[in-house]
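# Descriptive analysis of the structure
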Amino acid sequence: MKKQMIISVMSKDRPGIIASITGAIYKLEGDVSDLNQSVLCNYLNMILSVSFNENVNKEDLIAEISHIKTECKFEVSIKEIDQGGEKIPPPEETYIMTVHGPNRTGLVYGISQFCADHTINILDLATTLKGNRFSMVLQLDLQNCPSPIETVQSALEDYSEQSGQTITMQHNDIFQVTNEVTLH
Amino acid sequence: MLRSDQILATVEMIQKENLDVRTVTMGINLLDCRAESLEKTCKNIKKRIHHFAGNFVATCDKMSRKFGIPVVNKRISVTPIAFVGAGLKKSDFIAIAETLDQAATDVGVDILGGFSAQLEKGMTETDREFIDSIPEAISRTEKICASVNIATTQKGINMDALAMMGTTVKDLAEKTADSGGFGAAKFVVFCNQPGDNPFMAGAIHGLEEADAVLNVGVSGPGVIARSLERLIKRHPMPGSLKLDELAEEIKQTTFRVTRCGELIGRAVSGALKVEFGVVDLSLAPTPTVGDSVGELFKILGVDAVGAPGSTAILAMLNDAVKKGGVFASKNVGGLSGAFIPVMEDAVLAEAVGNGSLCLEKLEAMTCVCSVGLDMVPIPGDTDAKTISAIIADEMALGMVNAKTTAARLIPVPGKKAGELVSFGGLFGASPIMEVRNSGQSSRFIDWGGRMPAPIHSFRN
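Residues numbered from 1 in each chain as written. Chains lettered and ligands numbered in written order. Predicted model: local features only at pLDDT ≥ 70, side-chain atom pairs only at ≥ 80, totals over all residues. Heavy atoms only, no water.

Within chain A one finds five helices and eight strands. N-terminal to C-terminal, the α/β element order of chain A is β-α-β-β-α-β-β-α-β-β-α-β-α. A principal-axis box enclosing the C-alpha atoms of chain A has dimensions of 55 × 40 × 35 Å. With 184 residues in all, chain A has 38% of them scored as buried. Put simply, chain A shows about 10,800 Å² of open surface, and 50% of that area lies on carbon and sulfur atoms. Counting 13 positive and 24 negative side-chain charges, chain A places the centres of these two groups 13 Å from one another. (Helix = DSSP H or I, 4+ residues; strand = E, 2+ residues; numbered from the N terminus. Buried < 20%, exposed > 50% of the residue type's maximum accessible area, 1.4 Å probe, protein only. Areas by Shrake-Rupley, 256 points an atom, 1.4 Å probe, with all protein chains shown as cover. Lys, Arg positive; Asp, Glu negative; His and termini not counted. Charge placed at Lys NZ, Arg CZ, Asp CG, Glu CD.)

This is the structure we're talking about:
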């Protein structure tokens, strides 16, 4: 029986961080099934999904990571989960939302509140700031959204007008079929 | 998650560049609707269409909303009616056309095609009755489109049927003179007509097909135009961009466009439990600005459509579109290529108006496009034999080149070359094209009989 853990690590970025962290996992015979990392303002944040043998626990992993020689301390948090390690495909009602417009405060809050109001779960979110132009791409799960898609689309149009941002929302499958060779 | 640049490129394509699924067409077999009486036959036809297409429009609309891609037309094609009505008379065929029109209205589709006959070799008595019925059947109905296949590469050209085509086109235009001869826009003559084409007026449900099938027609000349413009803008230095790179861009963009059609087609087919047939990727223009095939000629380097080089550009365009489409879809069929329907394309119509595009050049261009002389308005006083002879030239191109060609000519009653005709909506408007050497071909048409198939048809 394997034990599944979600590990989150934040630290100042430097060459070799990923090698250090995955090295510590390797020493405990952990198997990395998924990893996501990004760097913002020279700070690296990484989230990993790893399976270990049953006898390995959170403390062992924290101890192993604390042995890594580094200038900036790692901030680590670990959760044990029940789910298996296999990749869960996005739900059928997955949509991609894009938001563009002049930068101002409250943009991420506004759109995430819109999603919350419609019981839309944000699966992924990426933002870019170029000059004063802010753009945001969100992957959304609408399967628990109580309203039909046309109601959400029209509410989104109203929100887009009122916020001064150009907002579009299209089904995830469109992006997949137009950008990937394999058609599922 | 996908890369942001891929996402943004796709959003551009859908939101700003007129990407749509031009048509989802349901093909329905009517062969076994034939009964002992005309009344019972009509009843069976209605029942069959209601059975298969009852939820068709609602399902297309639902999928269109789900994916956020407009499905512009919902259409039906049926088994060529001359087969369904073997042994019937002219008035019976008119009654069937009215039944089909009623059934199309009942299920809410935009157009129904398949009021058709296959006459590439010989004609039966039924076929003659059927052809006689076309002008009245089409002028009495609203949603029915007619087509006749009079030639194939295998069998040659049926010159007796060809002679009847000129008269049929003239009658159709004259019977609908109050709308500028609009009836002729709903009738098309083919060589090598495909049985799975979802586009009108030439859609039929071929004899080789299953009971019901869904074919999807995707378009998007606007999407191709904008992607080419972006590529050209990224290469401002002269000589830094070559023609093969432009062809590659067309191919890749076509791939994306076709994929959207494949997605919608599979979704509708899954929901209706009707077999998914083919995706027909055809650059079909609409009169909307920015949704023109003619515009692509200018982007690719000729300043006037019809100028030397136009045929070569169209050859490349047609080929690149086919290559992108073939890879994107499990089954590509129908016409798949570039359409050059004069009235439906604002830039082509403009070229007719300013004299850069003449009928002879248009004919040359149809050697390398995917259909033929499409939506071409000609003077109302063009005689029937000259019309048959124009069609004969177009049929010969298809026959010898082993490709589909078609002619949809509209002799606009009471109007002369250069005058404007407008049908409105997707059918568009154009100045009338001059027909040179009118009245010089009657002895040729009078021979009748058959034009033999070309030598390369004997591959057996």
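Counting 145 residues, the largest nonpolar core has Leu30(B), Ile49(B), Phe56(B), Ile81(B), Leu100(B), Phe115(B) and Ile391(B) as its most contacted members. When residues in this core are grouped by element, the largest group, ten residues, is from helix α9 (residues 243–272) of chain B. If near-sequence neighbours (up to four positions away) are discounted, Leu100(B) is found in contact with Leu30(B), Ile45(B), Ile49(B), Ile81(B), Leu112(B), Phe115(B) and Ile144(B). Judged by nonpolar contacts, the second largest core, of 20 residues, contains Cys115(A), Leu140(A), Ile149(A) and Tyr159(A). (Core = buried A, V, L, I, M, F, W, Y, C linked by side-chain atoms within 4.5 Å. Contact = heavy atoms within 4.5 Å.)

Right, let's get into the layout of surface pockets. Roughly 800 Å³ of internal volume is contained in the second largest pocket. Lining of the second largest pocket is provided by 35 residues; of these, Leu8(B), Ala9(B), Val11(B), Glu12(B) and Met13(B) occupy positions nearest its centre. Within the residue set of the lining of the second largest pocket, elements represented by two or more residues are β5 (94–102), α4 (149–163) and β8 (166–171) of chain A together with α1 (4–15), α8 (221–233) and α9 of chain B. Looking at the lining of the second largest pocket, the element that brings in the most residues is α1(B), giving eight residues. Taken together, the residues of the lining of the second largest pocket break down into ten nonpolar, 13 polar and twelve charged. (1 Å grid on protein atoms, 1.4 Å probe; cavity = no way out; pocket = protein on both sides within 12 Å on 5 of 7 lines; lining within 4 Å. Points joined across faces, edges and corners; volume = space filled by probe spheres on them. Nonpolar A, V, L, I, M, F, W, Y, C, P; charged D, E, K, R; others polar.)

Attention shifts here to a nonpolar patch on the surface. Together, Ile18(A), Val32(A) and Leu35(A) give the surface a local cluster of nonpolar side chains, amounting to about 180 Å² of exposed area. On the accessibility criterion, Leu35(A) (32% relative accessible area) is partly exposed. (Patch = residues over 30% accessible without salt bridge, like charges linked within 9 Å, V, L, I, M, F, W, Y side chains within 5 Å. Salt bridge = Lys/Arg side-chain N within 4 Å of Asp/Glu carboxyl O.)

Attention shifts here to the pairing of strand β8 (residues 275–283) of chain B. Residue and element names in this part refer to chain B. Most of β8 sits inside the fold, with eight of its nine residues counted as buried. Where strand β7 (residues 212–218) and β8 come together, five bridges link them in parallel fashion. Across the sheet, residue Leu214 finds its bridge partner in β8, namely Phe276. Pairing between β8 and strand β9 (residues 337–338): two bridges, direction parallel. Of the residues in β9, the one forming a bridge with Leu283 is Ala338. (Pairing = 2+ DSSP bridges.)

All names here are of chain B. The topology assignment puts Gly54 in the loop between α2 (38–53) and α3 (56–67). On the basis of relative accessibility, which here comes to 44%, the residue Gly54 falls in the partly exposed class. Not counting the four nearest positions on each side in its chain, Gly54 is found in contact with Ile49 and Val107.

Another point: the domain arrangement of chain A. As assigned here, chain A comprises domain 1 (2–81) and domain 2 (94–179). Distance from the C-alpha centre of domain 1 of chain A to the C-alpha centre of domain 2 of chain A: 31 Å. (Domains from an automatic or database assignment.)

This paragraph deals with the packing of aromatic side chains. Residues and elements named next belong to chain B. In this structure the tally under the stated criterion is seven aromatic pairs over all chains. Geometrically, the ring pair formed by Phe93 and Phe130 is edge-to-face, given 5.3 Å between the ring centres and 85° between the ring planes. Note that Phe93 is positioned in helix α5 (residues 90–107) and Phe130 in helix α6 (residues 125–140), a separation of 37 residues in sequence. Its relative accessible area of 0% is what places Phe93 among the buried residues. Looking at Phe130, the relative accessible area reads 0%, which means it is buried. A centroid spacing of 4.9 Å and a plane angle of 85° characterise the contact between Phe182 and Phe427, whose relative ring orientation is edge-to-face. Separated by 245 residues along the polypeptide, Phe182 in the loop between α7 (159–175) and β6 (187–191) and Phe427 in the loop between β12 (420–422) and β13 (429–431) bring together distant segments of the chain. Among the aromatic residues, ring-to-ring pairing joins Phe93, Phe115 and Phe130 into one connected group. (Phe/Tyr/Trp six-rings, centres within 6.5 Å; stacked < 30°, edge-to-face > 60°.)

Helix length check: α9(B), at 30 residues, gives a terminal C-alpha distance of 43 Å against a target of 44 Å (1.5 Å per residue), a fit within 8%. Of the residues trailing α9(B), Lys273(B) is marked for its positive phi of about 55°. (Expected span 1.5 Å × (residues − 1).)

Before going further, it helps to spend a moment on the sheet that holds strand β4 (residues 75–81) of chain A. All names here are of chain A. If you trace the four strands from one edge of the open sheet to the other, you get β2-β3-β1-β4, paired in antiparallel fashion. The strands lining the two open edges of the sheet, one partner per strand, are β2 (31–40) and β4. In this sheet, neighbouring strand axes are inclined to one another by 15° on average, regardless of whether the strands run parallel or antiparallel. Judged from the eleven bridges that link them, strand β1 (residues 2–12) and strand β3 (residues 43–53) form a sheet pairing that is antiparallel. Paired with Ser8 across the strands is Ile47, a residue of β3. (Axes fitted to C-alpha atoms, helices over the stretch in contact; angles between N-to-C directions.)

Moving on, we get to the interface of chain A and chain B. Listed per partner, the contact involves 27 residues of chain A and 25 residues of chain B. Roughly 2,300 Å² of surface becomes buried between chain A and chain B when both sides are summed, with 66% attributable to carbon and sulfur atoms. Our count for the chain A to chain B interface comes out at two salt bridges. Between Arg65(B) and Glu150(A) there is a salt bridge, with the nearest N and O atoms lying 2.8 Å from each other. (Buried area = accessible area lost by both parts, 1.4 Å probe.)

Now for the side chain of Glu295(B). Residue and element names in this part refer to chain B. Residue position: Glu295 is located in helix α10 (residues 294–299). Here Glu295 falls in the buried class, since its relative accessible area comes to 18%. Side chain to side chain, Glu295 and Arg226 meet in a polar contact 2.4 Å long. Once residues within four sequence positions are removed from consideration, Glu295 is found in contact with Ala225, Arg226, Glu229, Gly290 and Val347. (Polar contact = N/O pair within 3.5 Å; in protein donor to acceptor, adjacent residues only side chain to side chain.)

What follows is about the packing of helix α1 (residues 17–27) of chain A against helix α2 (residues 58–66) of chain A. Residues and elements named next belong to chain A. For the pair α1 and α2, interaxial distance at closest approach is 9 Å and the crossing angle is 135°. Taken together, the axis directions place α1 and α2 in an arrangement best described as oblique. Like other packed secondary-structure pairs, α1 and α2 cross with a definite hand, here right-handed. Facing α1, whose interface residues are Ile21, Ala24, Ile25 and Lys27, α2 presents Leu61, Glu64 and Ile65. Here the residues of the contact of α1 with α2 sort into five nonpolar, no polar and two charged. (Parallel < 35°, antiparallel > 145°, perpendicular 65-115°, else oblique. Left-handed = near helix turned anticlockwise from the far one by under 90°.)

It is worth spelling out the side chain of Thr176(B) at this point. All names here are of chain B. Turning to its location among the elements, Thr176 is positioned in the loop between α7 and β6. What makes Thr176 buried here is its relative accessible area of 9%. A distance of 3.5 Å separates the side chain of Thr176 from the backbone nitrogen of Phe182, its partner in a polar contact. When near neighbours in sequence (up to four residues on either side) are disregarded, Thr176 contacts Ser139, Gly181, Phe182, Gly183 and Ala184.

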